[in-house]
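Coordinate analysis (summary)
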Amino acid sequence: MTAPEHLKGQWREWRHARVAELTRPYGWTALVAQDWLKEGDAGVELELLPGTWSVEGGKVIYTPGADGPNLSVDGEHPTGPVEIVPGRNQTYGHFASVPVYSGDLEVETIARTTDDGESLYAVRVRDPRESARKDFSNLESYDYDVAWRVPASFTQTEALDIETVTVEIGVRETTTRIGVLTVELGGERYELAVIGKTSDNRGLVPVVHVRDLTSGDTTYGAGRVLELEWADEACTQIDVADFNYLTPLPCAFTNFVTCPIPPQENHLRLAVTAGEKRPEVTLERVLTFAG
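Here the structure is a predicted model, which means the values were calculated and not measured. (Residues numbered from 1 in each chain as written. Predicted model: local features only at pLDDT ≥ 70, side-chain atom pairs only at ≥ 80, totals over all residues. Heavy atoms only, no water.)

Its place among the elements puts Arg224 in strand 13 (residues 224-227). Of note is the side chain of Arg224, whose polar atom sits 3.1 Å from the backbone oxygen of Val272. A polar atom in the side chain of Arg224 sits 2.6 Å from the backbone oxygen of Ala274. (Helix = DSSP H or I, 4+ residues; strand = E, 2+ residues; numbered from the N terminus. Polar contact = N/O pair within 3.5 Å; in protein donor to acceptor, adjacent residues only side chain to side chain.)

This is how it looks when you write it as structure tokens:
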């Protein structure tokens, strides 16, 4: 059994890194724009970026102007139309995407769907000056409590893509269910849906997204997420769920995201007094998708 002093020490180091991560130059709090495109859009000009944008055959295409500013796409300035592959971010990535910059700004595209199942795309812009001006030194968390580090078991299922409702009304995001996590909390057994996220340096990361009786009170209203750790190299076994590592999704800090809503089976019927609390300043939700 791992000593409590060790667990608390590791968590303190993680908390420091977590707060620092929120002000990374191109992290989630650097987002300043999320502009939507649909199939067939052509010659669209975006306020913060040069050139024009279009969607052709499910591909987001950037076309530089005849003169003036240009994007840097994977280290080069394109001379003609170029696809900006969705998925570029520094937490989870889709591997085929590449770094794209417009001056000091970082640019990425994402693929989503509408409530009617229509393909939808967005161009996101991150500004390092936006994240640099923010201070999260007062971002509170519950104190580490070993009681919230509980035994768990994982049952793998066939990967299933689900179009999940998000905080951006009218927009759905694909989440991939990979299994079920069984835990006991407050004397009650829960079977929680587990989604899989791909990471450049960690491979497949198992994640549970939950709401509990603190949601909207002391913690973020749209729930919190917990990244789990595989107990084996084959990525089939999870032995522990440490709810001290719960954090809100990026939508707690910015409007320029499409955070999914937790599934009903992941609503916990108790107050999980562990993990990160909601930000001191409540973000007023402003939608970016006009529908």
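The next point concerns the pattern of salt bridges. Under the criterion given, the structure shown has 19 salt bridges. With a closest N to O distance of 3.3 Å, Arg124 and Glu108 form a salt bridge. Taken together, the residues span a long stretch of sequence, with Arg124 in strand 8 (residues 119-126) and Glu108 in strand 7 (residues 105-114) at a distance of 16 residues. Here Glu108 falls in the buried class, since its relative accessible area comes to 2%. Where Lys277 meets Glu140, a salt bridge forms, and the shortest distance between an N and an O atom there is 3.9 Å. Linking Lys277 in the segment after strand 15 (247-248) with Glu140 in the loop between helix 2 (128-132) and strand 9 (149-165), this pair joins segments that are 137 residues apart in sequence. Classification of Glu140 as partly exposed rests on a relative accessible area of 49%. (Salt bridge = Lys/Arg side-chain N within 4 Å of Asp/Glu carboxyl O. Buried < 20%, exposed > 50% of the residue type's maximum accessible area, 1.4 Å probe, protein only.)

When glycine is set aside, most residues are seen to have a negative phi, and most peptide bonds are trans. We note that Asp74 has phi near 55°; this positive angle belongs to a residue other than glycine. Structurally, the position occupied by Asp74 is in the loop between strand 4 (72-73) and strand 5 (82-83). For Cys235, which is not glycine, the phi torsion reads 60° and is therefore positive. Along the chain, the position of Cys235 falls in the loop between strand 13 and strand 14 (240-242).

Now for the sheet that holds strand 5. Read from one edge to the other, the open sheet built from three strands follows the order 2-3-5, with strand pairing classed as antiparallel. Where the open sheet ends on each side, the last strands, each with one partner, are strand 2 (52-56) and strand 5. Looking at chain direction, strand 3 (residues 59-63) and strand 5 are connected through two bridges and run antiparallel. The partner of Tyr62 across the bridge, within strand 5, is Val82. (Pairing = 2+ DSSP bridges.)

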